[in-house]
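Secondary and tertiary structure notes
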Amino acid sequence: MQIAKEVLAAAIAEKNRRMRENKISTYYPDTGPLRRELYPKHTQFFEAGSVYRERMMMAANRIGKTEGVGGYELVLHLTGQYPSWWTGRRFNRPIKAWAAGDTGKTVRDILQEKILGPVGSFGTGLIPKTCINKVLNKAGIADAVEIVSVKHISGGNSRLTFKSYDQRREAFQGTEQDVILLDEEPPMDVYTECLMRTMTNNGMVMLTFTPLMGMSEVVLSILPKGTESEDGEADESQSKFVVSASWDDVPHLSPAAKQQLWDSIPPFQRDSRTKGIPQLGAGAIYPVPESDIIVPDFAIPDHWPRGYALDVGWSRTAALWGAHDLESDIIYLYSEHYRGQAEPSVHAESIRGRGKWIPGCIDPAARGRSQRDGEQLKQQYEDLGLDLMNANNAKEAGIYAVWQRLSYGKMKVFSSLSNWKGEFRLYRRDDKGQVVKINDHLMDCMRYIVMTRSEYFKVKPAPKEEEDRAIQHLGGFAWMS
């Protein structure tokens, strides 16, 4: 009996040892409370690697961006041991890779420990112990590793080098790299150098960070060319992919943990640290936290006046719907249309589908066309069944009016308006104080609604049968009212 217990204990200990030394195999299981399907933003990031050379995850703190996204994928490429469900890019040969962060010490304490495990227990991190071939220490920083030789399933050895931004751009010059992981936002010159290292061999660059530096040069260099939506969609004609991830996108944070973390975060950092939204900077036109603006979707009451604004162009046509709660004087932006490279008939059909009775206003200049051309385009949309008037296009007055409403809680936005949120985060002035005219279609529509709504918003008409009942109730004399 005693021997049987000892054998069982030894078997359990051996099982636990193997799990500790093959940690990566426990990630993204098919079933259970942490099953793969509950991490949609993470898996979107992985899948996009089969198409895009540059990927950026702007994510909240504590959602696993370093270990469960960047570190996880990096180790798969180093070992070649991809899970059966993997739909991202694959390397069938050993690779050369860099993993970089802010300073030598933070790289040691964060990236190195997550990838290798604690000092003295290498092999308990993401790289399985059986795959670690050789480790070379880094000079000048105690317990820091510089190079790791990793066994690849093909039979050769991959090479991982740890680097830090405080080594400056010159340290990132040199040979081609297949995979570069930049954990935390890099300086622009380091980022550019990393792109050069992966350009000629079709390598990839992954960025995983919480955007505490706001609309920085690096963020702006990627966002206008990559996706700005929260569902991870992107234009496949581009080489850049961006996805945001918030606390709500992961199952491992409990409500109590979220509340505790929320209470410890300064208010001006909450959108960045909980949603992965770039922290508002000096150039932001509307320096108002999204958390003060966004509300859950709800059914618009029939007695609230409604209308929409239309901003047209071949590369992008946008429409934004608003409803005005007259009692509280709050304007709710509740729906959006956002599509490029389509004929007016396509846009008109989508707009009519939200209610033929809802009136609209249109940019009188029609996205840079002459006033005459704008009028012709307005007539074309009217011929397609839209009820339109010219919008008040006063730019600075409109921006000020919108800012006042946002600041005083008199404008709210439904959470489903992902394209509006993408534009809001980018809407800014340049160093000369001019509005940056990139991805601002819905921002213009919002301005038109605030400035023009009193002239065209109207209440939903009563259904025909209700009108007939009302006439009967009034004894047929409704015509006199």
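Structure's up top.
Bear in mind that the values here come from a model prediction, so they are computed numbers and not experimental data.

Glancing now at the overall build of the protein. A count of helices and strands for the protein gives 14 helices and 15 strands. Evaluated residue by residue, the protein yields a buried proportion of 49% over its 481 residues. Entry remark: accessible area of the protein is about 22,900 Å², with carbon and sulfur atoms responsible for 51%.

Looking now at the packing of aromatic side chains. Overall, the coordinates contain 25 aromatic pairs when judged by the stated rule. Every member of this aromatic cluster is reached through a ring pair, and the members are Tyr27, Tyr28, Tyr39, Phe46, Tyr72, Tyr82, Trp85 and Trp86. Over the ring of Trp98 we find Lys163; its NZ or CZ atom is 4.8 Å from the centre of that ring. The ring centre of Phe172 lies 5.7 Å from the NZ or CZ of Lys163, which sits over that ring.

Its identity as a non-glycine residue notwithstanding, Arg168 has a phi of 75 degrees, on the positive side. Secondary-structure assignment places Arg168 in the loop between strand 5 (157–164) and strand 6 (179–183). Judged by its relative accessible area of 59%, Arg168 falls in the exposed class. If you check the backbone angles, Gln341 has positive phi at about 55 degrees while not being a glycine. Within the secondary structure, Gln341 is located in the loop between strand 12 (330–339) and helix 9 (344–352). A residue is classified by how much of its surface remains accessible, and Gln341, at 58% relative accessible area, is exposed.

Let us now look at the sheet that holds strand 1 (residues 54–59). A sheet is described by the order of its strands in space; here 8 strands give the open sequence 3-4-5-2-6-7-1-8, paired in mixed fashion. Of all the strands in the sheet, just strand 3 (132–137) and strand 8 (240–245) have a single pairing partner and so form its edges. Averaged over all pairs of adjacent strands, the angle between their axes in this sheet comes to 15 degrees, without regard to strand direction. Strand direction decides the pairing type here: strand 4 (residues 145–151) and strand 5, joined by 5 bridges, are antiparallel. Each residue of the ladder has a partner; that of Val150, found in strand 5, is Ser158. Contacts from helix 2 (residues 40–48) reach strand 1, strand 7 (204–209) and strand 8 within the one sheet, and its direction differs from that of strand 8 by about 170 degrees.

Here the focus is the side chain of His337. When you line up the elements, His337 lands in strand 12. Among the polar contacts listed, one links the side chain of His337 to the side chain of His347, at a separation of 2.9 Å.

Attention now goes to the nonpolar core. Counting 55 residues, the largest nonpolar core has Tyr286, Leu310, Leu320, Leu333, Trp420 and Met446 as its most contacted members. No other element matches the 8 residues that helix 13 (residues 441–456) contributes to this core. Those residues within four positions of Leu320 in sequence are excluded, and the remaining contacts are Gly307, Tyr308, Ala309, Leu333, Ser335, Glu336, Leu417, Trp420, Leu442, Cys445, Met446 and Ile449. Ranked by size, the runner-up nonpolar core spans 50 residues in total, among them Tyr28, Val148, Val179 and Val243.

All right, on to the side chain of Asp249 then. Following the sequence through the fold, Asp249 ends up in the loop between strand 8 and helix 7 (255–264). By relative accessible area, which is 17% here, Asp249 ends up buried. Among the polar contacts listed, one links the side chain of Asp249 to the side chain of Lys41, at a separation of 3.4 Å. Among the polar contacts made by the side chain of Asp249, one reaches the main-chain amide nitrogen of Ser246 at a distance of 2.8 Å. Once residues within four sequence positions are removed from consideration, Asp249 is found in contact with Leu38, Tyr39, Pro40, Lys41 and Ser244.

Right, let's talk about helix 12 (residues 418–426) for a bit. The element helix 12 is extensively covered by neighbouring structure, given that 8 of its 9 residues are classed as buried. The complete set of buried residues in helix 12 reads Ser418, Trp420, Lys421, Gly422, Glu423, Phe424, Arg425 and Leu426.

The buried fraction of strand 6 is high, at 5 of 5 residues. The side-chain alternation of strand 6 yields two buried faces, one formed by Val179, Leu181 and Asp183 and the other by Ile180 and Leu182. Direction of pairing for strand 2 (residues 96–101) relative to strand 6: parallel, over a ladder of 4 bridges. Residue Ala99 lies in a different strand from strand 6, and its bridge partner there is Leu181. Bridging between strand 6 and strand 7 involves 5 bridges; their strand directions are parallel. Residue pairing in the sheet places Leu182 in a bridge with Leu207 of strand 7. Following the chain from strand 6 across helix 5 (residues 188–199) to the adjacent parallel strand 7, one finds a crossover that is right-handed.

The next point concerns the packing of helix 12 against helix 13. Two elements in contact, helix 12 and helix 13, have axes whose closest approach is 8 Å; the angle formed by their N-to-C orientations is 95 degrees. In terms of their interaxial angle, helix 12 and helix 13 are classed as roughly perpendicular. For the pair formed by helix 12 and helix 13, the contact residues are Asn419, Trp420, Glu423 and Phe424 on the first element and His441, Leu442, Met443 and Met446 on the second. For the contact of helix 12 with helix 13, the per-class residue count stands at 5 nonpolar, 2 polar and 1 charged.

Time to look at helix 5. The terminal C-alpha atoms of helix 5, which comprises 12 residues, lie 16 Å apart, in line with the 16 Å expected from a rise of 1.5 Å per residue. Taken as a whole, helix 5 has its buried residues at Val190, Tyr191, Glu193, Cys194, Leu195, Arg197 and Thr198.

Time to look at the sheet that holds strand 12. The strand order across the open sheet formed by 7 strands is 9-15-12-11-10-13-14, and the pairing between neighbours is mixed. The two strands at the open ends of the sheet, each matched to only one other strand, are strand 9 (294–295) and strand 14 (388–390). Bridge count for strand 10 (residues 306–311) against strand 11 (residues 317–325) is 6 bridges, and the pairing is antiparallel. Across the sheet, the residue bridging to Arg306 is Ala323, located in strand 11. Lying on the sheet, helix 12 is in contact with strand 9, strand 11, strand 12 and strand 15 (411–414); it crosses strand 12 at an angle near 100 degrees.

About the criteria used
Residues numbered from 1 in each chain as written. Predicted model: local features only at pLDDT ≥ 70, side-chain atom pairs only at ≥ 80, totals over all residues. Heavy atoms only, no water. Helix = DSSP H or I, 4+ residues; strand = E, 2+ residues; numbered from the N terminus. Buried < 20%, exposed > 50% of the residue type's maximum accessible area, 1.4 Å probe, protein only. Areas by Shrake-Rupley, 256 points an atom, 1.4 Å probe, with all protein chains shown as cover. Phe/Tyr/Trp six-rings, centres within 6.5 Å; stacked < 30°, edge-to-face > 60°. Lys NZ or Arg CZ within 6 Å of the ring centre and 35° of its normal. Pairing = 2+ DSSP bridges. Axes fitted to C-alpha atoms, helices over the stretch in contact; angles between N-to-C directions. Contact = heavy atoms within 4.5 Å. Polar contact = N/O pair within 3.5 Å; in protein donor to acceptor, adjacent residues only side chain to side chain. Core = buried A, V, L, I, M, F, W, Y, C linked by side-chain atoms within 4.5 Å. Right-handed = clockwise from strand over helix to strand, strands pointing away. Parallel < 35°, antiparallel > 145°, perpendicular 65-115°, else oblique. Nonpolar A, V, L, I, M, F, W, Y, C, P; charged D, E, K, R; others polar. Expected span 1.5 Å × (residues − 1).

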